[in-house]
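# Examining the three-dimensional arrangement
Letter by letter, the chains look like this.
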Number of protein chains: 2
Amino acid sequence: MNEQKRPATRAEEIRQAIEGEIFQGSLRPGSRLDEESLAARFGLSRTPVREAILQLVHSGLVVKKPRQGAVVAPLDLHRMVQLFEVMSEIEGLCARYAARRMSPDEKGRLAELHAGGVSLREAHDLDGYYALNRAFHDAIYDGSHNDVLREMARSLFARLAPYRRYQLNHPRRIEGSYAEHGEVLAAIQAADPDQAQAAMRKHLTIQADIFAEFVSIMS
Amino acid sequence: MNEQKRPATRAEEIRQAIEGEIFQGSLRPGSRLDEESLAARFGLSRTPVREAILQLVHSGLVVKKPRQGAVVAPLDLHRMVQLFEVMSEIEGLCARYAARRMSPDEKGRLAELHAGGVSLREAHDLDGYYALNRAFHDAIYDGSHNDVLREMARSLFARLAPYRRYQLNHPRRIEGSYAEHGEVLAAIQAADPDQAQAAMRKHLTIQADIFAEFVSIMS
DNA sequence: AACACAATTTTTGTATCCAAATTGCGGTTC
DNA sequence: GAACCGCAATTTGGATACAAAAATTGTGTT
């Protein structure tokens, strides 16, 4: 990755660390987050740990009952459906605005990004494609030229991150995802808002379907 | 008002208090939020005050630079435009889903709520209409039957609250707003998603225009 | 008189300490 | 033997104490 911003505060530092562990999967949904043990692990006191946990609660990755501690947000099928539903709308809006507002230069960089993924697709490099996928979507959030919308999309993306890895194991999912990205890209390059929005919504809907499939298998 | 939930934690308590002061206008955009003086005012220590401020930072009502304290989010025209833009899309989506998903009972209550506002409109009761407006929009957020979307809409509504009061002073704005609500309600009762979404977006766009008008006057 | 540097002061970030609440275990009683 | 009440232990919420960083002010020099 590249998140080398070196946070100015310890709380932010360990927030990123915990978030990373949730994304990576070492902290599974439902895991309890004990303030004291986390403080010990990071060599800090409970205060910055508490702040970090609060941040994660607000981002939706962690839930916390008043006097009962914090746990990584458990997998709730109903909530997941709602998240995917909103995500498809928000990303669709990003794509719509991006089609209208991205500069030729931005569109060029997006196209390069996408083209650079061919090798990842053919090598079936899951981790590599995961990073590309994130970068591609992020570029479109930026392309909306609306910071509020972009932050919303990023927040939703992060909330879904712990579950998103499931669906990338689906057979031939990389090829499908790559092709769908291509459709979105083409619509953006053609400056066709309706088509871009529709293509992006379809892309997200497929992801939701695959996720639902996985959930139904696991239960 | 009516928010009588009696929060279980002091931090949540003063978060609501500070938020209320921002909404009401006694804490103006740009005002510095000093932890110590706030703690003294509420008779608490800095710890819950810090938590409350973190909550507000996350909701977007307050901005905070790393070692430089927190201030009520200043009025930034560019950011405001973006907020209204996203708000119109999100509320439009709420109306769309509401048209599809609200039960006859829910639609009935929404209609009653709206009908009960006639007296407020004719009396030009600003505070009363402000409360009705909030309740009307909130009912539609609920009507989307999507908790994620509803929370997003509520968060955006809160972020715009400090500025919303400006536009209600606009001449004949109550009548216009009430009529637009009527159009949204009719579309929802007719279970017409496209029309509901369009009517709601128009309602929000008008608000944005009036706000922009005020901003241009003030600058 | 103006600019620059340094010290002081103010304020935030972190650590430690205390209180309050929930949970689990054990004993007692029906 | 089972259920209920109560106590203790663990854990979170809040308070206080300490450290570090930034802003301001004052002084000295140019």
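Residues numbered from 1 in each chain as written. Chains lettered and ligands numbered in written order. Predicted model: local features only at pLDDT ≥ 70, side-chain atom pairs only at ≥ 80, totals over all residues. Heavy atoms only, no water.

Turning our attention to the packing of aromatic side chains. All names here are of chain A. Tallied over the entire structure, the rule returns four aromatic pairs over all chains. On the numbers, 6.1 Å between centres and 65° between planes, the contact of Tyr-163 with Phe-211 is edge-to-face. Remark: Phe-211 occurs in helix H10 (residues 193-218) and Tyr-163 occurs in helix H8 (residues 147-168); sequence separation between them is 48 residues. Note on accessibility: Tyr-163 and Phe-211 belong to one class, buried. Clustering of aromatic rings is evident, with ring pairs tying together Phe-84, Tyr-163 and Phe-211. (Phe/Tyr/Trp six-rings, centres within 6.5 Å; stacked < 30°, edge-to-face > 60°. Helix = DSSP H or I, 4+ residues; strand = E, 2+ residues; numbered from the N terminus. Buried < 20%, exposed > 50% of the residue type's maximum accessible area, 1.4 Å probe, protein only.)

On to the domain arrangement of chain A. Residues and elements named next belong to chain A. When cut into domains, chain A gives domain 1 (10-72) and domain 2 (77-218). For domain 1 and domain 2, the distance between their C-alpha centres works out to 27 Å. In this assembly, seven residues from domain 1 lie in contact with seven residues from domain 2. Roughly 610 Å² of surface becomes buried between domain 1 and domain 2 when both sides are summed, with 61% attributable to carbon and sulfur atoms. For the pair domain 1 and domain 2, the interface holds zero salt bridges. The interface formed by domain 1 and domain 2 contains zero residue pairs in polar contact (both at pLDDT 80 or more). Here the side of domain 1 that touches domain 2 gets three residues from one element, more than from any other, and that element is helix H1 (residues 10-24). (Domains from an automatic or database assignment. Contact = heavy atoms within 4.5 Å. Buried area = accessible area lost by both parts, 1.4 Å probe. Salt bridge = Lys/Arg side-chain N within 4 Å of Asp/Glu carboxyl O. Polar contact = N/O pair within 3.5 Å; in protein donor to acceptor, adjacent residues only side chain to side chain.)

Looking now at the interface of chain A and chain B. Taken together, the contact pairs 26 residues of chain A with 25 residues of chain B. Each partner contributes to the roughly 2300 Å² buried at the junction of chain A and chain B, and carbon and sulfur atoms together form 56% of this total. Counting across the interface, chain A meets chain B through 14 residue pairs in polar contact (both at pLDDT 80 or more). Going through the elements one at a time, helix H3 (46-59), helix H4 (77-101) and H8 of chain A are the ones with two or more residues in the side of chain A that touches chain B. Of all the elements, H4(A) adds the most residues to the side of chain A that touches chain B, at ten residues. In the side of chain A that touches chain B, the residues fall into twelve nonpolar, six polar and eight charged. (Nonpolar A, V, L, I, M, F, W, Y, C, P; charged D, E, K, R; others polar.)

As a further point, take the protein's contact with DNA strand D. In the vicinity of DNA strand D lie 19 residues, with Arg50(A), Pro66(A), Arg10(B), Ser45(B) and Thr47(B) positioned nearest. If you look at DNA strand D and keep only atoms within 4 Å of the protein, 68% of those are sugar or phosphate atoms. Side-chain polar atom of Arg67(A) to a sugar or linking oxygen of DNA strand D: 2.9 Å apart, as the coordinates give it. Side-chain polar atom of Ser45(B) to a phosphate oxygen of DNA strand D: 2.9 Å apart, as the coordinates give it. At the level of secondary structure, the elements contributing two or more residues to the surface near DNA strand D comprise H3 of chain A together with helix H1 (10-24) and helix H3 (46-59) of chain B. Residue contributions to the surface near DNA strand D peak at three residues, all from H3(B). For the surface near DNA strand D, the per-class residue count stands at four nonpolar, five polar and ten charged. (Near = heavy atom within 4 Å.)

Core analysis: the largest hydrophobic core is formed by 73 residues, its most contacted members being Ile90(A), Ile140(A), Ile188(A), Ile90(B), Ile140(B) and Ile188(B). Those residues in contact with Ile188(B), other than ones at most four positions away along the chain, are Ala95(B), Ala98(B), Ala99(B), Met102(B), Lys107(B), Leu110(B), Ile140(B) and Ala196(B). (Core = buried A, V, L, I, M, F, W, Y, C linked by side-chain atoms within 4.5 Å.)

Right, let's talk about the sheet that holds strand E2 (residues 62-65) of chain A for a bit. Residue and element names in this part refer to chain A. What the three strands build is an open sheet, ordered E1-E3-E2; its pairing is antiparallel. Since the sheet does not close on itself, it has two edges, and those belong to strand E1 (32-33) and E2, each with one partner. On top of the sheet, H3 reaches E1, E2 and strand E3 (69-72); it is set at about 110° to E2, its chief contact. (Pairing = 2+ DSSP bridges. Axes fitted to C-alpha atoms, helices over the stretch in contact; angles between N-to-C directions.)

Before going further, it helps to examine the confidence of the model for chain A. Scored by pLDDT, chain A has a mean of 91; 95% of the residues are at 70 or more. Note that residues 1-5 of chain A has pLDDT below 50 and, in this model, zero contacts with residues that lie over four places away or in other chains. (pLDDT = per-residue confidence, 0-100.)

Right, let's talk about the protein's contact with DNA strand C for a bit. If you check the shell around DNA strand C, you find 20 residues, and the closest are Arg10(A), Ser45(A), Arg46(B), Arg50(B) and Pro66(B). Of everything in DNA strand C that lies within 4 Å of the protein, sugar and phosphate atoms constitute 67%. A distance of 3.1 Å separates a phosphate oxygen of DNA strand C from a polar side-chain atom of Thr9(A). Between a phosphate oxygen of DNA strand C and a side-chain N or O atom of Asp34(B), the distance comes to 3.4 Å. Listing elements by their share of the surface near DNA strand C, those giving two or more residues are H1 and H3 of chain A together with strand E1 (32-33) and H3 of chain B. If you tally residues by element for the surface near DNA strand C, the top one is H3(A), at three residues. Broken down by class, the residue content of the surface near DNA strand C amounts to five nonpolar, five polar and ten charged.

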